[in-house]
Amino acid sequence: SEMATAEVGLKQSCHLPVTPDGLPMMGKVPRVEGAYVATGHSCWGILNSPATGAALAELIVDGAATSVDISAFNPARFYR
């Protein structure tokens, strides 16, 4: 096949999740009952994961994130 003889132009072993506006998406997924998302943190995902995890846990369990304001990261901003 062509793939077997194709020249490799680039090798990459990672994926950098970034949203169109550069801000993460954290919160309820619109129109999907019970679905939540926390993605798009770019290279800062590992660094921000403790706060992200805490905020999402609060949102899921208590209905609101109270330790940090995540309103700017609402996934609904892409559904407007």
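Residues numbered from 1 in each chain as written. Predicted model: local features only at pLDDT ≥ 70, side-chain atom pairs only at ≥ 80, totals over all residues. Heavy atoms only, no water.

### What about the overall build of the protein chain?
- On a plain count of helices and strands, the protein chain comes out with two helices and two strands.
- Written out in order from the N terminus, the α and β elements of the protein chain read α-β-β-α.
- Computed over C-alpha atoms, the radius of gyration of the protein chain comes to 17 Å, more than 25% over the 12 Å expected from 2.2 N^0.38 for 80 residues, which places it beyond the range of a compact globule.
- The dimensions of the protein chain, computed from C-alpha atoms along their principal axes, are 55 × 30 × 20 Å.
- Per-residue burial over the protein chain gives 21% buried out of 80 residues.
- Considering only intrachain contacts with a sequence separation of at least 6, the fraction spanning at least 24 residues in the protein chain is 49%. (Helix = DSSP H or I, 4+ residues; strand = E, 2+ residues; numbered from the N terminus. Rg over C-alpha atoms; globule rule 2.2 N^0.38 Å. Buried < 20%, exposed > 50% of the residue type's maximum accessible area, 1.4 Å probe, protein only. Contact = heavy atoms within 4.5 Å.)

### Topic: the nonpolar core
- Grouped together as the largest cluster of nonpolar side chains are five residues: M26, A55, L56, L59 and I70.
- Per element, the largest residue contribution to this core is three residues, and it comes from helix 2 (residues 45–62).
- Beyond its immediate sequence surroundings of up to four residues, A55 is in contact with M26, A65, S67, V68 and I70. (Core = buried A, V, L, I, M, F, W, Y, C linked by side-chain atoms within 4.5 Å.)

### So, the pattern of salt bridges
- Taken as a whole and judged by the stated rule, the model has one salt bridge.
- D21 is paired through a salt bridge with R77; the nearest N and O atoms lie 2.6 Å apart. With D21 in the loop between helix 1 (2–5) and strand 1 (25–28) and R77 in the segment after helix 2, the pair connects residues that are 56 residues apart, well separated along the chain.
- On the basis of relative accessibility, which here comes to 39%, the residue D21 falls in the partly exposed class. (Salt bridge = Lys/Arg side-chain N within 4 Å of Asp/Glu carboxyl O.)

### A few points about helix 2
- Its axis deflected by about 35 degrees at A51, helix 2 carries its strongest bend there.
- For helix 2, the complete set of buried residues consists of T52, A55, L56, E58 and L59.
- Among the structural elements, strand 1 and strand 2 (36–39) are those in contact with the buried residues of helix 2.
- Just downstream of helix 2, G63 is the residue with a positive phi angle, here 90 degrees. (Bend = angle between axes of the 7 residues up to and from the residue.)

Bear in mind that shape data such as this cannot, by itself, settle questions of function.
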